[in-house]
Amino acid sequence: MRMLEEFFPEFTEKLDEIDKLYADTRTIDEKTYQFICFALSIKARSKPCVLKHFKGALDAGATVKELSYIFALTMREAAGADDCWTHDVIGDWKEILKGNVCCSCSGDEEK
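Parameters and conventions
- Residues numbered from 1 in each chain as written.
- Predicted model: local features only at pLDDT ≥ 70, side-chain atom pairs only at ≥ 80, totals over all residues.
- Heavy atoms only, no water.
- Patch = residues over 30% accessible without salt bridge, like charges linked within 9 Å, V, L, I, M, F, W, Y side chains within 5 Å.
- Areas by Shrake-Rupley, 256 points an atom, 1.4 Å probe, with all protein chains shown as cover.
- Salt bridge = Lys/Arg side-chain N within 4 Å of Asp/Glu carboxyl O.
- Helix = DSSP H or I, 4+ residues; strand = E, 2+ residues; numbered from the N terminus.
- Buried < 20%, exposed > 50% of the residue type's maximum accessible area, 1.4 Å probe, protein only.
- Expected span 1.5 Å × (residues − 1).
- Contact = heavy atoms within 4.5 Å.
- Polar contact = N/O pair within 3.5 Å; in protein donor to acceptor, adjacent residues only side chain to side chain.
- Axes fitted to C-alpha atoms, helices over the stretch in contact; angles between N-to-C directions.
- Parallel < 35°, antiparallel > 145°, perpendicular 65-115°, else oblique.
- Left-handed = near helix turned anticlockwise from the far one by under 90°.
- Nonpolar A, V, L, I, M, F, W, Y, C, P; charged D, E, K, R; others polar.

The name given to the protein in an unreviewed UniProt entry is Carboxymuconolactone decarboxylase family protein, with the source organism recorded as Methanolobus sediminis.

Below, the structure written as structure tokens:
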């Protein structure tokens, strides 16, 4: 966010407003919030967020054992979701081998 803070501070200010709105209207307790954020941070592979929410969960009363469970649950559920998603994406692998593939992110046209 450092670059955004420098060149597009209006954007980061809006994110801060959203964070405040969410904090002011949160309907779950702090420990649960930290558990969810910890899991999402793992899935997003955000080292700063993993560290922030690991510490935040501890500060909210979580134990390392509870965080280990959240970690394991996240890894297990992510593995299942990643497996299903990936199989869906490459399910027509024989067509991919034939060159019948479209990657719209690279500018390919639909075939």
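A contiguous nonpolar surface patch, about 730 Å² in accessible area, is contributed by Trp-85, Val-89, Ile-90, Trp-93, Ile-96, Leu-97 and Val-101. The set of elements that each furnish at least two residues to the nonpolar patch consists of α5 (64–89) and α6 (93–97). At three residues, α6 tops the list of elements feeding residues into the nonpolar patch. Mapped onto the fold, Val-101 is located in the segment after α6. A relative accessible area of 38% places Val-101 in the partly exposed class.

Taking 1.5 Å of rise per residue, the 26 residues of α5 would be expected to cover 38 Å, and the 36 Å separating its terminal C-alpha atoms lies within 8% of that figure. Burial in α5 covers these residues: Leu-67, Ile-70, Thr-74 and Ala-78. The inward-facing, buried residues of α5 contact α3 (30–44) and α4 (47–59).

This part takes up unusual backbone geometry. Peptide bonds are, in most cases, trans, and in most cases residues other than glycine have a negative phi. Of note in the backbone geometry, Arg-45 takes a positive phi value of approximately 55 degrees without being a glycine. By the element assignment, Arg-45 lies in the loop between α3 and α4.

What follows concerns the side chain of His-53. For His-53, the location among the structural elements is in helix α4. By relative accessible area, which is 6% here, His-53 ends up buried. A distance of 2.8 Å separates polar atoms of two side chains, one belonging to His-53 and the other to Gln-34. Setting aside residues no more than four positions away along its own chain, His-53 makes contact with Tyr-33, Gln-34, Cys-37, Phe-38 and Ser-41.

The contact between α3 and α4 brings their axes to 8 Å, and the two run at 160 degrees. When the interaxial angle is binned, α3 and α4 end up roughly antiparallel. α4 is crossed by α3, and the crossing has left-handed handedness. From α3, Tyr-33, Gln-34, Phe-35, Cys-37, Phe-38, Ser-41 and Ile-42 reach across to α4, where they touch Cys-49, Val-50, Lys-52, His-53, Phe-54, Gly-56 and Ala-57. Tallied by class, the residues present in the contact of α3 with α4 amount to nine nonpolar, four polar and one charged.

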